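# Observations on chain architecture
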Amino acid sequence: MKLEKIIKIASQGLVRNKLRSLLTMLGVIIGVSAVIIMIAISAGTEAMISDQITSLGTNLVFVQANFSRGGFGGEANSGGLVYDDAFAIADGVSGVQAVVVEQQSSETVKAGNISLDSISILGTTEGFPSVRDMEIAEGRYFNQAEIDRNQKVVVLGSSLAEELFEDQPPVGQTVTIGTTKFTVIGVFEEKGLVGEVDYDARVYMPITVVFQKYTPSQFARIMGDRVRLIYVELEPDVVQGDVILQIELLLAKLHDVSLEEPDFIITTQQDLINTQEATTEAFRNLLAWVAAVSLLVGGIGIMNIMMVSVTERTREIGIRQSVGASPNDIRWQFLTEALLLSLVGGLIGVITGVGGSWLFGALGEMRTVVVPSSIMLAFSSAAAVGIFFGYYPADKAAQLDPIEALRHE
Amino acid sequence: MTVEQENIMDQPIIKTKELTKIYGMGDAQVRALDGVSLEIKENEFVAIMGPSGSGKSTMMNILGCLDRPTSGQYVLAEQDVSYLDKVQLAIIRNQRIGFVFQSYNLLPRTPALENVMLPLLYSRNGDLNEYEQHEKALNALKAVGLADRIHHQPQELSGGQAQRVAIARALVNNPVLILADEPTGNLDSKSGEEIMALLTELHQQGSTIVMVTHEDEIAEFAQRVIRFLDGRIDTDKLNGNSYQ
């Protein structure tokens, strides 16, 4: 029989049972849109994470202490980065554009009668705003002279400034951090969450003040002030690997450790992106499996309804056989019905999937990116599901004996 | 009636030799047909009667190519169809036979015209285009007097009208044989008479009709009455008063 005729017969069968056809398609619609939405969500998450990491600044290398080896109170002269390491890198390594140091603490911050506990205090240096891509909204950032003289000045994150001073202009006001009074000299533009850190809810001050007021230690008097992190911004055209090697050699020498067992870790932005991708890949695989299962359930739904349909329409099959339909004609009719259901369901699923992805992105905080290949994947799986789960009921219909079928009530 | 049809008038359209149908195995064996030899000529109108279990339904199924005999031979319009496979039997049903059932057996929720077009959909010798199919189906519906009901669905038709749609469907492929299985069984007597008048008219126009019935009044319309008993032909008589 001609394809055209088969499609005509099959579509007549479906149109005459609109509600049942729609309910049958529902499983496939949900399955296909689930595949597309899930993949769009995970692709969106990946894009967001990689954007965040890039927004830390460009061409950065991060040097951190390796506490798994030595650590505090371990071997006397190792287990941490110190403030002077930063100067050593800036002076002794070629291809370095800027070096920024961070040290953190957490204190109670008061302004007027407002008091906030456990506010993150970040001590840092002059290059911080440029390395981290942060803009000043009001006032100014602190300079090298203020760092050198341990000036009690702070720059506030945007949401923190709002909480402390509400409508009043913060610049020029006084805040008390722990027991020390500071003058607010600036407020940062809103930055948002990067990774897990809320950049808008922090206090920024000269790193020397943090050493002096919040992280004094016996260790510091002898070895220098410990720092959490050193950012090294590279010159645009240098080879990253060369600079990293220089830093490694220099720090190994300064800390008197071997390169095989360093007391520091050097990571690049690419490393961070790779780590994040490994996590999101697991996430994406999980979502893909969930979506695949829902598509499978949709297929089983088709088989279910087709089986019921064959039983319910036994008489119809008998009538068709009596006027000359061969077993193949019947098989093709039911197989095509199943295929049409899954294809039309797949098409509707693609539309709702793309629409749903857009809606998730528009309404929620979530970012979604519709991946074209996911549409192809979902649609072709729907077709495969239709053929696979449609074949058995179709074959059952084809095997019916015309006399039995005509007698069926 | 064409000249050609008149010339082969006396040729048997149905010829069976020692047709036997056995159901079941061993002790549970049932001989539904037990060596039936029969000839039905072109343009005969035959009624098959008999009590239930006499084998008349089995005979109809084999004559209608819905079933195959266990042994014996069945020649339909000079073609031996005794042991054709399912696909070939489907082709014979499509091209040579028109069925009329007791319960009409129309496709539900399907307009009369589409029901009548159904055999054309499965037709294998030369596909007709949509327009030709419509024309043929329309002509068949006109022939049964239902030209004004073509868009009605079966549930919107009376029993008599539904049976006439079924007859139109039986006619649409110009079959050599019309098989009617209790065609008036579900109808009141007035509709029943109308249907019998229609079958008589078709017979007068040249159709060969074999009809199963258990009502003597209905059998009166046929030229010849064959009675079955226990899987064999009991009597085979001409109806003197019905048709010359």
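Residues numbered from 1 in each chain as written. Chains lettered and ligands numbered in written order. Predicted model: local features only at pLDDT ≥ 70, side-chain atom pairs only at ≥ 80, totals over all residues.

### Looking at the overall build of chain A
Secondary structure summary: chain A contains 14 helices and 14 strands in total. Taken over the C-alpha trace, chain A has a radius of gyration of 33 Å; the compact-globule value for 409 residues is 22 Å, which it surpasses by more than 25%. Counting only C-alpha atoms and orienting by the principal axes, one finds that chain A spans roughly 105 × 55 × 40 Å. Within the span of chain A, comprising 409 residues, buried residues form 40% of the whole. Counting contacts in chain A only where the partners sit at least 6 residues apart, residues at least 24 apart contribute 81% of the total. (Helix = DSSP H or I, 4+ residues; strand = E, 2+ residues; numbered from the N terminus. Rg over C-alpha atoms; globule rule 2.2 N^0.38 Å. Buried ≥ 20, exposed ≤ 12 C-beta atoms within 10 Å, placed from the backbone. Contact = placed C-beta atoms within 7 Å.)

### Structural notes on the interface of chain A and chain B
Residue-level contacts link 17 residues of chain A with 20 residues of chain B. Those elements that provide at least two residues to the side of chain A that touches chain B are helix H1 (3-15), helix H11 (314-322), helix H12 (327-363) and helix H14 (402-407) of chain A. The element that contributes the greatest number of residues to the side of chain A that touches chain B is H11(A), accounting for four residues. Among the residues forming the side of chain A that touches chain B, the class breakdown is eight nonpolar, four polar and five charged. (Nonpolar A, V, L, I, M, F, W, Y, C, P; charged D, E, K, R; others polar.)

### A look at unusual backbone geometry
Most peptide bonds take the trans configuration, and most residues that are not glycine carry a negative phi. Unusually for a residue other than glycine, A:Asp256 sits at a positive phi of about 55 degrees. By C-beta crowding, A:Asp256 is classed as exposed, having 11 other C-beta atoms within 10 Å. For B:Asn174, which is not glycine, the phi torsion reads 50 degrees and is therefore positive. If you trace the backbone, B:Asn174 turns up in the loop between helix H6 (159-171) and strand E7 (177-181). Among the residues examined, B:Asn174 registers 11 C-beta atoms within 10 Å and is labelled exposed.

### Notes on the sheet that holds strand E3 (residues 45-49) of chain B
Residue and element names in this part refer to chain B. If you trace the six strands from one edge of the open sheet to the other, you get E6-E7-E8-E3-E9-E10, paired in mixed fashion. Pairing within the sheet leaves two strands with one partner each, and these edge strands are strand E6 (97-100) and strand E10 (232-238). In this sheet, neighbouring strand axes are inclined to one another by 20 degrees on average, regardless of whether the strands run parallel or antiparallel. Note: E3 against strand E9 (residues 224-229), four bridges, orientation parallel. Residue pairing in the sheet places Met 49 in a bridge with Arg 227 of E9. (Pairing = 2+ DSSP bridges. Axes fitted to C-alpha atoms, helices over the stretch in contact; angles between N-to-C directions.)

### Observations concerning the confidence of the model for chain A
All names here are of chain A. In this model, chain A carries a mean pLDDT of 85, and residues with pLDDT of at least 70 account for 94%. Within chain A, the element-level pLDDT minimum falls on helix H8 (residues 218-223), averaging 67, and the maximum on H11, averaging 94. Low pLDDT, under 50, characterises residues 69-78; the stretch is placed with 15 contacts to residues that sit more than four places away or in other chains. (pLDDT = per-residue confidence, 0-100.)

### A look at helix H10 (residues 269-312) of chain A
Taking 1.5 Å of rise per residue, 44 residues should cover 64 Å, and H10(A) covers 63 Å from first to last C-alpha, within 8% of that figure. Restricting attention to buried positions, one finds in H10(A) the residues A:Ala291, A:Leu295, A:Gly298, A:Gly299, A:Gly301, A:Ile302, A:Ile305, A:Met306, A:Ser309 and A:Val310. (Expected span 1.5 Å × (residues − 1).)

### Section: the domain arrangement of chain A
Under the domain assignment, chain A is made up of domain 1 (3-52 + 274-407) and domain 2 (67-262). Relative placement of domain 1 of chain A and domain 2 of chain A: their C-alpha centres are 56 Å apart. (Domains from an automatic or database assignment.)

### Looking at helix H2 (residues 18-54) of chain A
Helix length check: H2(A), at 37 residues, gives a terminal C-alpha distance of 52 Å against a target of 54 Å (1.5 Å per residue), a fit within 8%. Of all the bends in H2(A), the greatest measures close to 30 degrees and is centred on A:Met25. (Bend = angle between axes of the 7 residues up to and from the residue.)

### Concerning the environment of B:Ala143
Residue and element names in this part refer to chain B. Tracing the backbone through its elements, the reader meets Ala 143 in helix H5 (residues 130-143). Since 18 C-beta atoms lie within 10 Å of it, Ala 143 is described here as partly exposed. Once you skip the residues sitting within four places of it in the chain, Ala 143 turns out to touch Ala 168 and Leu 171.

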